[in-house]
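# Overview (structure and organization)
Spelled out, the chains give:
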Amino acid sequence: MTLDYASLEDTTLLNHIAEQNQAAFSALYERYGSAVYGLAMQVLRSPSLAEEVAQDTFMKVWKNPTQYDAKKGRFLSWLLTVTRYTAIDRIRQEGRQITSDATALEYVNVKSKQGIPEDPMRRDGQLIRELLQQLPPEQALLVKLGFLHGMTHSQLSAQLDIPLGTVKTRVRLGLQKLRVLWQDAHQLSDEN
Amino acid sequence: MVRNDNTTPQSTQPDCDTLADLLPAYSMGMTDTAETLLVEELLVHCPEQATALEEYQALSDAMLFSAPDVMPPASLGTKLQALTTPEVSTTVDSDSNKIRTIPFRNAVIAIAGIAAVSVILFGLVLYLLGEVDSLRDENRVLSALAQDNESFLNVLGTGDLLQTSLAPQQDGSNAVATVITNPQRTVGLVRVENFPRLDPGMTYQAWLIRGDDRISAGIFDVDPSGIATLIFTAPQSLANYEALGITPEPAGGSDAPTNSPVVFGTFADASSDSASGG
């Protein structure tokens, strides 16, 4: 009887991957390849670099699947965290300068409109994406750049040539507003 | 615990408003080192901010999921499959073994011969495809290096360059490294030699050092000869950093060093130890 890897839970797939089972690895890639590549694209905005980062991320899983600790949260959260740090490292290796062009950050959003995901965390992610568009553009830009590029207040200030105090204020106001909008959206959803 | 210096709020009146202002950025990893330390200290004194911290951290987790799915190119799946497939030679050997078990009959020998040739040809095609992929990857790496070199050469052309030798830090090690920097710029180069190959799942990570801060300058792996070259970009001009060290870290790198350094060296004064470039 052939094992249906696509129906297995993440942790079971990882156990098979620990035994160098390529079919289990393919199933995991089929499940999360587009999420990993999507995040890498959002950070790097370059198909070739995003492909390399996605490849590195999945190869880390193949080489060391036991690095994921199920007690610390969902596998996809861990996988996306690895993707984000791998992409940030790639930005640093490439010595790439960040851009203040907000339209570049919206590129991926515009190109990939999707339906409502079933997974609650991915639905939440889609909600965040919509709420970010409700922030004043100068706040949304710093929040996105800071989070996606792993940059601190002073790094953002230096790279974008914006006074440090202004960066701090915009980041704070942006995130405070995002939190309120997010809570309101959850409250509305609970009431319905 | 409260430090006895004037940068720390009084224990009787902790500055919880400052904490509330910094929490959003702290949760996203956007605070600078001094701000991070301040937040972690104030959290002890302002327990009412714990709920806000949890909510901002949940927001940070959700941000990870905010990137929309994008279908990766088919080439990614193909590459991953190739990278996780056992060596071609193993397949050929195993098939050859099967062939040897076929009974000795002329007709079967002829068929087996054709099959063996097919297997060899198939293996050869796979090998050549692998070589083509390898050359493509090499070309991409060389292109990236060329871009890096271009930005590095821009640095070479301005001001005094500083050459710093990093000495081995482990008994019996002959690992060495050389760092070339322009203290007024943010780009530097480090070349390592005699570095031991690491186990799978590990990588080397370079760290710029300033006081107690350790700032990642990038990760790299060495070739079979133990050699690698890394061009790195620092967040600030390199005059702001005192030293550079290299440690083995888990694949993907770490937020801070988790192992002892393989090599370490302090940046000398630019005027006393300049390289010949400039």
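Residues numbered from 1 in each chain as written. Chains lettered and ligands numbered in written order. Predicted model: local features only at pLDDT ≥ 70, side-chain atom pairs only at ≥ 80, totals over all residues. Heavy atoms only, no water.

All right, on to the interface of chain B and chain A then. Opposite the 52 residues of chain B that make contact, chain A presents 61 residues. Around 5,300 Å² of area is buried between chain B and chain A when both sides are counted, 61% of it from carbon and sulfur atoms. Three residues, Met30, Leu64 and Phe65 of chain B, lead the burial of chain B against chain A; their summed loss comes to 16% of the area buried on that side. Taken together, the connections running from chain B to chain A amount to 5 salt bridges. Between Lys168 of chain A and Glu35 of chain B there is a salt bridge, and its shortest N-O distance comes to 2.8 Å. (Contact = heavy atoms within 4.5 Å. Buried area = accessible area lost by both parts, 1.4 Å probe. Salt bridge = Lys/Arg side-chain N within 4 Å of Asp/Glu carboxyl O.)

Before going further, it helps to spend a moment on the pairing of strand E1 (residues 162-168) of chain B. Residues and elements named next belong to chain B. Of the pairings in the sheet, the one linking E1 to strand E2 (residues 176-181) comprises 5 bridges and is antiparallel in character. When the bridges of E2 are listed, Thr164 appears paired with Val179. Sheet topology note: the E1/strand E8 (residues 263-266) ladder contains 2 bridges and is antiparallel. For Ala167, the partnering residue across the bridge sits in E8 and is Phe264. (Pairing = 2+ DSSP bridges. Helix = DSSP H or I, 4+ residues; strand = E, 2+ residues; numbered from the N terminus.)

Turning to the sheet that holds strand E3 (residues 187-193) of chain B, a few remarks are in order. Residues and elements named next belong to chain B. Reading across from one edge, E5-E4-E7-E8-E1-E2-E3-E6 is the order of the 8 strands in this open sheet, with antiparallel pairing throughout. Each edge of the sheet is formed by a strand with only one pairing partner; in this case those strands are strand E5 (213-220) and strand E6 (228-233). Averaged over all adjacent pairs, the angle separating strand axes in this sheet is 25°, with direction ignored. (Axes fitted to C-alpha atoms, helices over the stretch in contact; angles between N-to-C directions.)

This brings us to the nonpolar core. In a soluble, globular protein the nonpolar side chains are often hidden away together inside. Judged by nonpolar contacts, the single largest core of 79 residues is most densely connected at Leu28, Phe58, Leu79, Leu156 and Leu178 of chain A together with Leu23 of chain B. Considering each element in turn, this core owes the most residues, 14 residues, to helix H2 (residues 22-44) of chain A. When neighbours within four sequence positions are excluded, Leu178 of chain A is seen to be in contact with Leu131, Leu132 and Leu135 of chain A together with Leu59 and Met63 of chain B. Membership of the second largest hydrophobic core comes to 26 residues, among which are Val192, Phe195, Leu208 and Val262 of chain B. (Core = buried A, V, L, I, M, F, W, Y, C linked by side-chain atoms within 4.5 Å. Buried < 20%, exposed > 50% of the residue type's maximum accessible area, 1.4 Å probe, protein only.)

This part covers H2 of chain A. Three- or four-residue spacings in an α-helix give side chains the same orientation, since the helix completes a turn every 3.6 residues. All names here are of chain A. In a regular helix each residue adds 1.5 Å, so 23 residues correspond to 33 Å; H2 covers only 28 Å between its end C-alpha atoms and thus falls short of that length. Summarising burial for H2: 18 of the 23 residues are buried, a large majority. Regarding H2, its N-cap is Asn21, as a side-chain oxygen of that residue lies 2.9 Å from the backbone nitrogen of Ala23 further along. Downstream of H2 by a residue or two, Arg45 has a phi angle that is positive, lying close to 55°. (Expected span 1.5 Å × (residues − 1). Polar contact = N/O pair within 3.5 Å; in protein donor to acceptor, adjacent residues only side chain to side chain.)

Residues and elements named next belong to chain A. Predicted confidence across chain A gives a mean pLDDT of 85, with 86% of residues reaching 70 or more. For chain A, the element scoring lowest by mean pLDDT is helix H5 (residues 102-111), at 39; helix H3 (residues 47-63) scores highest, at 95. Across residues 100-114, confidence stays below pLDDT 50; counting only partners more than four residues off in sequence or on other chains, it has 29 contacts. (pLDDT = per-residue confidence, 0-100.)

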